[in-house]
Every structure is written in structure tokens, then in C-alpha cells.
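Structure at a glance
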Amino acid sequence: PVRLMKWCLDMHPKAQTVCDPFMGTGTTGVAAVAMGKTFTGIERERKYFDIACRRIEDEQRQCRLAV
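What this report covers is the structure whose coordinates are included nearby. (Residues numbered from 1 in each chain as written. Predicted model: local features only at pLDDT ≥ 70, side-chain atom pairs only at ≥ 80, totals over all residues. Heavy atoms only, no water.)

**Quick look at the packing of helix H1 (residues 2-10) against helix H2 (residues 27-34)**
This is how it is decided: In this description, a line fitted to the C-alpha atoms serves as the axis of each element, helices being fitted only across the stretch in contact, and the angle between N-to-C directions of two axes falls anywhere from 0 to 180 degrees. Helix numbers and strand numbers start at the N terminus; a helix is a DSSP run of H or I with at least 4 residues, a strand a run of E with at least 2. Angles are sorted into four bins: roughly parallel if under 35 degrees, roughly antiparallel if over 145, roughly perpendicular if 65 to 115, and oblique for all others. Helix crossings fall into two classes, left-handed where the near helix is turned counterclockwise from the far one by less than a right angle and right-handed where it is turned clockwise. Pairs of residues are marked as contacts when any of their non-hydrogen atoms sit within 4.5 Å.
The N-to-C vectors of H1 and H2 enclose an angle of 60°; their axes lie 8 Å apart at closest approach. As judged from the angle between their axes, H1 and H2 are oblique. Note on packing geometry: the crossing formed by H1 with H2 is right-handed. Contacts between H1 and H2 involve Val2, Met5, Lys6 and Leu9 from the former and Thr27, Thr28, Val30, Ala31, Ala32 and Ala34 from the latter.

**Some details on the pairing of strand E1 (residues 17-20)**
To keep it simple, the criterion reads: The classification of residues rests on relative accessible area computed with a 1.4 Å probe and restricted to protein chains. Under 20% of the type maximum is buried, over 50% is exposed, and intermediate values are partly exposed. Whether two strands pair depends on DSSP finding at least two bridges between them.
With burial as the criterion, only one face of E1 is covered, namely that bearing Val18 and Asp20; the residues Thr17 and Cys19 on the opposite face remain uncovered. Pairing analysis gives 4 bridges linking E1 to strand E2 (residues 38-41), with the strands arranged parallel. Of the residues in E2, the one forming a bridge with Asp20 is Gly41.

**Remarks on the side chain of Glu59**
Defined as follows: Counting rule applied: Lys, Arg positive; Asp, Glu negative; His and chain ends not counted. Every case where a carboxyl oxygen of Asp or Glu lies within 4 Å of a side-chain nitrogen of Lys or Arg is listed as a salt bridge.
The topology assignment puts Glu59 in helix H3 (residues 46-66). Among buried Asp, Glu, Lys and Arg side chains, Glu59 stands out as unpaired, with Lys6 the closest opposite charge at 5.7 Å. When near neighbours in sequence (up to four residues on either side) are disregarded, Glu59 contacts Val30, Val33 and Ala34.

**Some details on H2**
Extensive coverage of H2 is indicated by the burial of 6 of its 8 residues. Regarding H2, the residues found buried are Thr28, Gly29, Val30, Ala31, Ala32 and Val33. Looking one or two residues beyond H2, the residue adopting positive phi is Gly36, at roughly 80°.

If you want it as C-alpha cells, here you go:
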């Protein structure tokens, strides 16, 4: 869940960039974007990569609306 990943990322508050070498559907990326961090994700399965991109882009749009 995104909430769990936010908790994990809070363990390193000074970190500005998050790398997820097994991105899956992008939960870590969604959490990173929501926290204002730069995200790099790697996923070899096109199906999951497309889902992750869509979820992260949706979160980026939400963040822009909130500002």
C-alpha cells in the first residue's frame, strides 16, 4: 500500500531520490512523488510498466492540483 511505502520513505527524510529496481505497478513511485521526491523505477514487464506510469502520472497531476 502507498501508505506503507510513505512510512518506509519517511525512515530516510533527507533522501531526495528513490530508485525501485522492481517497480511492479508503481506503489513506491506514487509514494515518492506524493512526498516530493524524484523517482526512478525499473520494470521489465511492459504490462506492469504501463500501469506504473499511469499511476505515477495520476499522482503527479494530483500533486499539482494540491499546490
